Amino acid sequence: QVQLVESGGGSVQAGGFLRLSCAVSGYKYSNYYMGWFRQAPGKEREGVVHIDSLGRTNYADSVKGRFTISQDLAKNTLYLQMNSLKPEDTGMYYCAARDQWYSLRVPDPSEVGYWGQGTQVTVSS
């Protein structure tokens, strides 16, 4: 059974940085999708950045140049380095995964197979 556990969230001032980690267990890593979503109160969950089994990445326009996704398969860990944080980056960040994903497109939240519990990121102005 796949389990995703996020850590690394916190409260920082604008311009600061955080690194989120997602520890993965039970994942098959077969034609997989992994990524990060975020959700602010009262708003829809939105994709932040994604990586597939071929290493292709896709960043939301709002985070390009500031966020970097990486993965350490040996440690079964996914990372999100967030630099130059802005107040609008505030939200609950979720690690997400899905196997047997053969499409080139990024899954909608409803198509995500597994979610982490979320870690809160708060950026003050």
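As a reminder, the structure under discussion sits directly above these lines.
Since the model is a prediction, treat every value here as computed from it, not as a measurement. The numbers attached to residues start from 1 for each chain and follow its sequence in the written order. Restriction of local features to residues with pLDDT of at least 70 applies here, the model being predicted, together with a cutoff of 80 or more for giving and counting side-chain atom pairs; totals for whole chains, interfaces and linings are based on all residues. To get the side-chain values, take all heavy atoms of the structure and skip hydrogens and water.

Bringing the environment of Pro107 into the picture now. A run of DSSP states H or I qualifies as a helix once it reaches four residues; a run of E qualifies as a strand once it reaches two. Both are numbered from the N-terminal end. Take Pro107: it is sitting in the loop between strand 9 (91-98) and strand 10 (114-115). Residues Pro107 and Gln39, 68 residues apart in the sequence, show an inter-C-alpha distance of 16 Å. By the convention used here, residues are in contact when the closest approach between their heavy atoms is within 4.5 Å. The residues touching Pro107, leaving out its near neighbours within four places in the chain, are Tyr33, Phe37 and Trp101.

To continue, consider the sheet that holds strand 3 (residues 18-25). Two strands qualify as a pair provided that DSSP identifies no fewer than 2 bridges between them. Spatial strand order, 1-3-8-7: 4 strands in an open sheet with antiparallel pairing. Strands at the two margins of the open sheet, each flanked by one partner only, are strand 1 (3-7) and strand 7 (67-72). Averaged over all pairs of adjacent strands, the angle between strand axes in this sheet comes to 15 degrees, irrespective of strand direction. Axis angles are defined between N-to-C directions and span 0 to 180 degrees, where every axis is a line fitted to C-alpha atoms and, for a helix, only to the segment in contact.

This paragraph deals with the nonpolar core. Among the nonpolar cores identified, the biggest contains 28 residues, and Met34, Trp36, Leu80, Met82 and Tyr93 are the most heavily contacted of them. Of all elements in the fold, only strand 3, strand 4 (33-39), strand 5 (46-52), strand 7, strand 8 (77-82), strand 9 and strand 11 (119-124) reach the threshold of two or more residues within this core. By residue number, the principal contributor to this core is strand 3, which donates 4 residues. Counting 5 residues, the second largest nonpolar core, distinct from the first, contains Tyr33, Phe37, Ala96 and Trp101. Buried Ala, Val, Leu, Ile, Met, Phe, Trp, Tyr and Cys residues form a nonpolar core when they are joined through side-chain atoms within 4.5 Å. The classification of residues rests on relative accessible area computed with a 1.4 Å probe and restricted to protein chains. Under 20% of the type maximum is buried, over 50% is exposed, and intermediate values are partly exposed.

This part covers the pattern of salt bridges. Should their charged atoms come close, side chains of opposite charge can pair. Salt bridges are identified by distance alone: a Lys or Arg side-chain nitrogen within 4 Å of an Asp or Glu carboxyl oxygen. Summed over the entire model, instances satisfying the criterion amount to 6 salt bridges. Linking Arg56 and Asp52 is a salt bridge whose minimum nitrogen-to-oxygen distance equals 2.6 Å. Residue Arg56 is classed as partly exposed on the basis of its relative accessible area of 39%. A salt bridge links Asp61 to Lys64, with the nearest nitrogen and oxygen atoms 3.0 Å apart. One salt-bridge network, in which partners are shared between bridges, spans Arg38, Glu46, Arg66 and Asp89.

Here, a disulfide means two cysteine sulfur atoms that sit within 2.5 Å of each other. A full pass over the atoms with the stated rule returns 1 disulfide. Paired through a disulfide, Cys22 and Cys95 show a sulfur-sulfur distance of 2.1 Å. Linking Cys22 and Cys95, the disulfide has an S-S dihedral of approximately -80 degrees and is accordingly described as left-handed. With Cys22 in strand 3 and Cys95 in strand 9, the pair connects residues that are 73 residues apart, well separated along the chain. Given a relative accessible area of 0%, Cys95 falls into the buried group.

Note that all results are geometric; they support no functional claim without further evidence.
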